[in-house]
Amino acid sequence: MAILIIQQRFYSQKEVPKFFGKSRGFFDKHIRPYLTEIRWGDAAQSGISYDVLEMNALADKIVERNGRPAKKGEKIWDVKIENR
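What comes next concerns the included structure. The model shown is predicted, which means the values in this text are computed figures rather than measured ones.

Regarding the side chain of Ser49
Move 1: Tracing the sequence through the fold places Ser49 in strand 3 (residues 48–51).
Move 2: Overall, the relative accessible area of 9% leaves Ser49 in the buried class.
Move 3: Side-chain polar atoms of Ser49 contact the side chain of Trp40, separated by 2.7 Å.
Move 4: Beyond its immediate chain neighbours, meaning those up to four positions away, Ser49 contacts Phe10, Tyr11, Ser12, Thr36, Glu37, Ile38 and Trp40.

This is the structure we're talking about:
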């Protein structure tokens, strides 16, 4: 029996900073300008959402641009491995 897990496609404006692991202020200043806002109605109270596929693509660009590999000789994990 297979279990089907469906990922949420749209995230509300309130949820998106948590997706990136940042504060709302940081999100608004540094991330939000690069995402397409999806408005769900004419009224301001209707809400704004963001597409998870676009958010993942932006996250990949951020990692590509700012990510750094571990320095030579450094452990990449904090976990101590015991010899058996």
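Once the structure has been displayed, the description carries forward.
Overview of helix 3 (residues 52–66)
Move 1: With 15 residues, helix 3 extends 21 Å between its outermost C-alpha atoms, agreeing within 8% with the 21 Å of an ideal straight helix rising 1.5 Å per residue.
Move 2: Within helix 3 the residues assigned to the buried category are Val52, Met55 and Leu58. Seen end-on, helix 3 carries its buried residues on one side only, within an arc spanning 120°. Facing away from the buried side of helix 3 by over 90 degrees, the exposed positions are Leu53, Asp60, Lys61 and Glu64.
Move 3: At its buried positions, helix 3 is contacted by strand 1 (10–12), helix 1 (16–20), helix 2 (24–31) and strand 3.
Move 4: The N-capping residue of helix 3, defined by a side-chain oxygen 2.9 Å from the backbone nitrogen of Leu53, is Asp51.

Thresholds, definitions, all that
Within each chain, residues carry numbers counting from 1 in the order of the written sequence. The model is predicted, so local features are restricted to residues of pLDDT at least 70 and side-chain atom pairs to those at 80 or more, both for listing and for counting; the totals for chains, interfaces and linings are taken over all residues. To get the side-chain values, all heavy atoms of the structure are used, and hydrogens and water are removed first. Strands here are runs of E lasting at least two residues and helices are runs of H or I lasting at least four, both read from the DSSP assignment and numbered beginning at the N terminus. Only protein chains enter the area calculation, which uses a 1.4 Å probe; residues under 20% of their type maximum are buried, those over 50% are exposed, and those in between are partly exposed. Polar contact is the term for a pair of N or O atoms within 3.5 Å; when the atoms are in protein, one must be able to donate a hydrogen and the other to accept it, and sequence-neighboring residues count only if both atoms are side-chain atoms. The contact criterion used is simple: two residues touch if any of their non-hydrogen atoms lie within 4.5 Å. By this rule the span expected of a helix is its residue count minus one, scaled by 1.5 Å. Here, the arc refers to the directions that run from the helix axis to the C-beta atoms.

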